[in-house]
Amino acid sequence: MGKERKFSWGSALMGAAAATATALVISSKPRDPTFHLISIDLTSFKLNFPVLDAEMILTVHVTNPNVVPIHYSDTDMSIFYAGSLLGSAPVQAGSQPPRSCQLLRLPARLNGLQLAHHAKKFLADVGRREMVLDSTVDIRGAAKVLWWDHKFKVHVDSHVIVDPVFLDVIDQENKSKLEIFVE
């Protein structure tokens, strides 16, 4: 009949090592960080004659799902209302540990003159208590694995619906695109 095979510890260890290496490669694949706007806190109004500019703090929840820490350079988040640039929020350079979450508090300034150009739409949004803001940001950085730096650029487009009276975040949709640079 059939030939009987003996159990081999060497083959079992080779199979376990191959499975571990495959799992490591799959879990090490770079993934997009996620960004969610948690809150908007109005801090002050600044007179920019003939209108008022609004200063606020945006609290953003950032998740790094990767198995390595990331380091990123400073950049600016652009904030749009009805297709016009309404303001910006600087994002300072920093880093984030592997598989972690952080809260970023970004100071933002919204241009009152730009908002005045859309006064009719803004007043209608206040009446409905829903205001749509869009934002974009490009974050460049590197994820370091041993002695290799894997450079990346994440482009994030956010579509946020806020209550313009109480500045509550009602809904949001974030889309991000990760680019890896090979040098």
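Data block above holds the structure.
The paragraphs below set out a description of the structure included in this document. (Residues numbered from 1 in each chain as written. Predicted model: local features only at pLDDT ≥ 70, side-chain atom pairs only at ≥ 80, totals over all residues. Heavy atoms only, no water.)

Thoughts on the overall build of the chain
For step 1, the next point in the chain: Across its full length, the chain holds three helices and 10 strands.
For step 2, the next point in the chain: Listed by position from the N terminus, the elements making up the chain come as α-β-β-β-β-β-β-β-α-α-β-β-β.
For step 3, the next point in the chain: Per-residue burial over the chain gives 30% buried out of 183 residues.
For step 4, the next point in the chain: In the chain, once contacts between residues fewer than 6 apart in sequence are set aside, the share between residues at least 24 apart is 62%. (Helix = DSSP H or I, 4+ residues; strand = E, 2+ residues; numbered from the N terminus. Buried < 20%, exposed > 50% of the residue type's maximum accessible area, 1.4 Å probe, protein only. Contact = heavy atoms within 4.5 Å.)

Remarks on the pairing of strand β5 (residues 84–91)
For step 1, the next point in the chain: The sheet contact formed by strand β4 (residues 75–81) and β5 spans seven bridges and is antiparallel. Bridge assignment links Ile 79 to a residue of β5, and that residue is Gly 87.
For step 2, the next point in the chain: Once β4 ends, the chain turns through two residues before running back antiparallel as β5, passing Ala 82 with a positive phi of about 55°.
For step 3, the next point in the chain: Relative to strand β7 (residues 100–110), β5 is paired through two bridges, and the arrangement is antiparallel. Along β7, the bridge assignment pairs Gly 87 with Leu 110. (Pairing = 2+ DSSP bridges.)

Observations concerning unusual backbone geometry
For step 1, the next point in the chain: The phi angle at Ala 82 is positive, at roughly 55°, despite the residue not being glycine.
For step 2, the next point in the chain: Position of Ala 82 relative to the elements: it lies in the loop between β4 and β5.
For step 3, the next point in the chain: Judged by relative accessible area, which is 37%, Ala 82 ranks as partly exposed.
For step 4, the next point in the chain: At Arg 99, a position not held by glycine, the phi torsion is positive, near 45°.
For step 5, the next point in the chain: Position of Arg 99 among the secondary structure elements: in the loop between β6 (94–96) and β7.

Some words on the environment of Ala 93
For step 1, the next point in the chain: Mapped onto the elements of the fold, Ala 93 is located in the loop between β5 and β6.
For step 2, the next point in the chain: Between the C-alpha atoms of Ala 93 and Arg 140, which are 47 residues apart in sequence, the distance is 9.5 Å.
For step 3, the next point in the chain: With near-sequence residues (within four places) excluded, Ala 93 lies in contact with Tyr 72, Ser 73 and Asp 74.

Quick notes on the pairing of strand β2 (residues 51–64)
The side chains of a regular strand alternate between both faces of the sheet.
For step 1, the next point in the chain: Taking burial as the measure, the 14 residues of β2 include 10 buried ones, the bulk of the element.
For step 2, the next point in the chain: Pairing geometry for strand β1 (residues 34–48) and β2, over 13 bridges, is antiparallel. Paired with His 36 across the strands is His 61, a residue of β2.
For step 3, the next point in the chain: Joining the antiparallel neighbours β1 and β2 is a turn of two residues.
For step 4, the next point in the chain: Inspection of the sheet shows β2 paired to β7 by 11 bridges, in the antiparallel sense. Bridging from a neighbouring strand, Val 62 pairs with Gln 102 of β7.

Structural notes on the side chain of Ser 135
For step 1, the next point in the chain: Within the secondary structure, Ser 135 sits in strand β8 (residues 131–145).
For step 2, the next point in the chain: For Ser 135, a relative accessible area of 11% puts it in the buried group.
For step 3, the next point in the chain: Here Ser 135 is in contact with Met 77, Ser 78, Ile 79, Phe 80, Val 156, Asp 157 and Ser 158, once residues within four sequence places are set aside.

Comments concerning the nonpolar core
For step 1, the next point in the chain: In this structure, Phe 35, Ile 40, Met 56, Leu 58 and Leu 106 are the most contacted members of the largest nonpolar core, which totals 32 residues.
For step 2, the next point in the chain: Breaking this core down by element, the ones donating at least two residues are β1, β2, β3 (70–72), β4, β5, β7, β8 and β9 (148–162).
For step 3, the next point in the chain: Beyond its immediate stretch of four places on either side in the chain, Leu 58 contacts Leu 37, Ser 39, Ile 40, Met 77, Ile 79, Ala 89, Leu 104, Arg 105, Leu 106 and Ala 108. (Core = buried A, V, L, I, M, F, W, Y, C linked by side-chain atoms within 4.5 Å.)

Remember, this is a structural readout, not a statement about activity or role.
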